[in-house]
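Listed below are the residues making up each chain.
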Amino acid sequence: MSAEPILQINELKTHFHTERGRVTPVDGVSLEVGRGEIVGIVGESGCGKSATAQSVLRLFDEKRLASYEGEIRFGGRDLLGLTPKQMRGVRGNEISMIFQDPLSSLNPVYTIGGQIVETLRLHRPIGRKEAAAKAIELLRLTGIPAPERRAREYPHQLSGGMRQRVMIAIALACEPRLLIADEPTTALDVTIQAQILELIQDLNRRLGMSVMLITHDLGVVAETCSRVVVMYLGQVVESGDVRDVFKAPLHPYTIGLMKAVPRLDGDRKQELPDVPGSVPPLHQIPQGCRFAPRCAFADDKCRSAMPELAALPGSDTRVRCWHAGRIAGTED
Ligand SMILES: Nc1ncnc2c1ncn2[C@@H]1O[C@H](COP(=O)(O)OP(=O)(O)O)[C@@H](O)[C@H]1O
Ligand SMILES: [Mg+2]
């Protein structure tokens with residue numbers, strides 16, 4: 001990766017303060033998003049992908065839900081050190097986020113055009129008329145047919161795919177340097193899913209916008225991203241170049257997830273559990289390697305000591321597994 005990354009997360013811990021005590025859904029996460037790069041964050045539901053993304057935008061601030069440790073470097077600053085007011089200048093402006101369910105983020109009582117105008121005027125000193133014209137331009141940019149007419153419609157009048165395009169238009173309004181897309185296509189059917197991913201890739205290429213793409217589907221990563229970060233139970237277990245990781249996954253969890261990837265001939269495997277068991281809740285974190293209870297390779301060492309995230313000699317992929325050398329075939 002060339003130059004300084006646009007986003008660099010160092011040893012981030014996000015603690016939630018709940019009635020049951022403190023839990024840590026993000027537990028020492030380090031990752032980078034390079035300039036103009038699309039990075040995939042992948043892992044099953046409950047692994048802390050959304051919590052990581054929401055920490056970057058400090059979305060838990062308002063309700064004093066969370067406290068943080070570590071560093072989130074963006075544009076030469078540590079976002080964790082910004083005041084709430086400074087953070088409001090970052091959100092939706094320098095960093096935008098889109099979610100799985102666009103209906104919950106769109107306001108039902110405002111027109112599509114009106115919502116884009118609001119976003120523009122929140123961060124930019126522009127008049128209504130100019131903003132309205134820009135709104136239509138943004139709707140066109142995201143591939144919405146008849147944008148002048150659509151701008152006057154309300155969210156419920158649009159299909160799921162069109163709503164997600166609207167969310168992307170709103171996210172792009174202020175030309176953010178980083179787009180965080182949290183399962184943006186999960187709620188959509190396969191054809192529309194492919195179109196939205198193509199749109200994100202196209203905007204990445206044309207606008208040079210960096211993207212952090214969160215998904216539970218490694219197939220999406222294979223098609224869209226240049227690098228991948230695999231998360232398990234609040235930690236990064238593997239990260240590297242998409243081609244390297246797909247060619248030679250080193251973490252047993254990644255290997256398990258890859259069994260769910262659709263094959264090129266379209267023969268998607270049965271919906272069998274690809275990794276046996278499930279992600280435990282945060283108050284039941286296993287000793288040692290967190291994946292050990294679900295892992296076919298686990299031995300006593302795995303059950304007692306946590307491996308570090310590190311690269312094997314001669315490899316750029318970073319992996320958190322005692323047996324990675326054996327899996328890579330570089331050790332007995
Ligand atoms: N507000 C909250 N309070 C307590 N625990 C939470 C809260 N939000 C999420 N969690 C827990 O944090 C963990 C990570 O959740 P999340 O980041 O949503 O995972 P993912 O996006 O990978 O599915 C889960 O165990 C989830 O139950
Ligand atoms: Mg999530």
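Because the structure is a prediction, the values reported are computed rather than measured. Every residue gets a number counted from 1 within its own chain, in the order that chain's sequence is written. As they are written, the chains are lettered A onward and the ligands numbered 1 onward, keeping that order. Residue-level local features of this predicted model are given only where pLDDT is at least 70; pairs of side-chain atoms are given and counted only at 80 or more, and the full residue set underlies all totals for whole chains, interfaces and linings. Side-chain measures here rest on the full set of heavy atoms in the structure, leaving out hydrogens and waters.

## Concerning the overall build of the protein chain
- Note on conventions: DSSP H or I runs of at least 4 residues are helices, E runs of at least 2 residues are strands, and numbering of each starts at the N terminus. Of regular secondary structure, the protein chain possesses 13 helices and 12 strands.
- Here the protein chain has a C-alpha radius of gyration of 21 Å; the compact-globule value for 332 residues is 20 Å, and the two agree.
- In terms of overall dimensions, the protein chain has C-alpha extents of about 70 × 50 × 40 Å along its principal axes.
- Here the protein chain holds 332 residues, and the buried ones make up 51% of them.
- Of all intrachain contacts in the protein chain linking residues separated by at least 6 positions in sequence, the fraction that spans at least 24 positions is 64%.
- Of the roughly 16100 Å² of accessible surface on the protein chain, a fraction of 50% belongs to carbon and sulfur atoms.
- Positive and negative side-chain charges of the protein chain, numbering 41 and 40 respectively, have mean locations separated by a distance of 6 Å. In this setup the radius of gyration rests on C-alpha atoms only. A globule is expected at 2.2 Å times the number of residues raised to 0.38. Residue exposure (1.4 Å probe, protein chains only): buried if accessible area is under 20% of the type maximum, exposed if over 50%, otherwise partly exposed. Any two residues having at least one pair of non-hydrogen atoms within 4.5 Å are treated as being in contact. All accessible areas in this document rest on Shrake-Rupley with a 1.4 Å probe, and a residue is counted as covered only by the protein chains that are shown. When charges are counted, neither His nor the chain ends are considered; positive counts come from Lys and Arg and negative counts from Asp and Glu. Charge placement uses NZ in Lys and CZ in Arg. For Asp and Glu, CG and CD serve respectively.

## Observations regarding the domain arrangement of the protein chain
- A domain assignment, automatic or from a database, supplies the domain bounds used here. Under the domain assignment, the protein chain is made up of domain 1 (7–36 + 47–86 + 226–321) and domain 2 (102–173).
- A separation of 33 Å is found between the C-alpha centroids of domain 1 and domain 2.

## Concerning the pairing of strand 1 (residues 7–18)
- Whether two strands pair depends on DSSP finding at least two bridges between them. For strand 1 and strand 2 (residues 21–33), the ladder comprises nine bridges, and the chain directions are antiparallel. Residue pairing across strands places H17 opposite R22, the latter belonging to strand 2.
- In sequence, strand 1 turns back onto strand 2 through a hairpin of two residues.
- One ladder, built from eight bridges, connects strand 1 with strand 4 (residues 66–74); its direction is antiparallel.

## Details of helix 8 (residues 190–207)
- By this rule the span expected of a helix is its residue count minus one, scaled by 1.5 Å. The terminal C-alpha atoms of helix 8, which comprises 18 residues, lie 25 Å apart, in line with the 26 Å expected from a rise of 1.5 Å per residue.
- For helix 8, every residue scored as buried is listed here: Q193, I196, L197, L199, I200, Q201, L203 and N204.
- Just past helix 8, the residue G208 takes up positive phi, approximately 70°.

## What about the site of ligand 1?
- We call a residue near a molecule or strand as soon as one heavy atom of that residue lies within 4 Å of the molecule or strand. Lining the immediate environment of ligand 1, one finds F16, T18, P25, E44, S45, G46, C47, G48, K49, S50, A51 and L282.
- Whenever two N or O atoms come within 3.5 Å, that pair is a polar contact, provided that in protein one can donate a hydrogen and the other can accept it, and provided that, for residues adjacent in sequence, both atoms are side-chain atoms. Between S50 and ligand 1, the recorded distance is 2.8 Å, taken from a side-chain N or O atom to an oxygen atom.
- A distance of 2.8 Å separates an oxygen atom of ligand 1 from a polar backbone atom of A51.
- Considering ligand 1 on its own, with 560 Å² of exposed area, one finds that the protein chains cover 65% of that surface.

## Description of the sheet that holds strand 1
- The four strands lie next to each other as 2-1-4-5, forming an open sheet whose pairing is antiparallel. The open sheet has two edge strands with one neighbour each: strand 2 and strand 5 (77–78).
- Here helix 1 (residues 49–56) sits on the sheet in contact with strand 1, strand 2 and strand 4, set at roughly 75° to strand 2. Interaxial angles span 0 to 180 degrees and are taken between N-to-C directions of axes, which are lines fitted to C-alpha atoms, for helices over the stretch in contact.

## Brief notes about the environment of I285
- You can see I285 is positioned in the loop between helix 11 (252–258) and helix 12 (300–304).
- Residue class for I285 comes out partly exposed when judged on its relative accessible area of 31%.
- Between the C-alpha atom of I285 and that of G234, which follows or precedes it by 51 residues, the distance is 10.0 Å.
- Aside from chain neighbours lying at most four places away, what touches I285 is L233 and R290.

## Quick word on the packing of helix 5 (residues 128–141) against helix 7 (residues 160–172)
- Contact geometry for helix 5 and helix 7: axes closest at 9 Å, N-to-C directions at 125°. Classified by the interaxial angle, the pair formed by helix 5 and helix 7 is oblique. Crossing hand, helix 5 versus helix 7: right-handed. Two secondary-structure elements touch here, helix 5 through L138, L139 and L141 and helix 7 through V166, A169 and L172.
- In this count, Pro and Cys sit with the nonpolar residues alongside Ala, Val, Leu, Ile, Met, Phe, Trp and Tyr, while Asp, Glu, Lys and Arg are called charged and the others, Gly among them, polar. Each residue belonging to the contact of helix 5 with helix 7 can be placed in one class, and the counts come to six nonpolar, no polar and no charged. Here the word oblique covers every angle except those under 35 degrees (roughly parallel), over 145 (roughly antiparallel) and from 65 to 115 (roughly perpendicular). When the near helix sits turned anticlockwise from the far one by under a right angle, the crossing is termed left-handed; a clockwise turn instead gives a right-handed crossing.

## Focus: the confidence of the model for the protein chain
- Looking at the protein chain, the pLDDT average stands at 91 and 95% of residues meet or exceed 70.
- You can read pLDDT as the predictor saying how much it trusts each residue, on a scale of 0 to 100. Counted against residues more than four places away or in other chains, residues 263–272, with its pLDDT under 50, gives four contacts.

## Points about the sheet that holds strand 3 (residues 38–42)
- Taken in spatial order, the eight strands make up an open sheet running 6-7-8-3-9-10-12-11, and their pairing is mixed. The sheet terminates laterally at strand 6 (95–98) and strand 11 (310–311), the two strands that pair on one side only.
- Relative to strand 8 (residues 210–215), helix 1 is tilted by about 150°, and along the sheet it contacts strand 3, strand 6, strand 7 (178–182), strand 8 and strand 9 (227–232).
- The strands that helix 8 touches are strand 3, strand 6, strand 7 and strand 8; relative to strand 8, the one it contacts most, it runs at about 160°.

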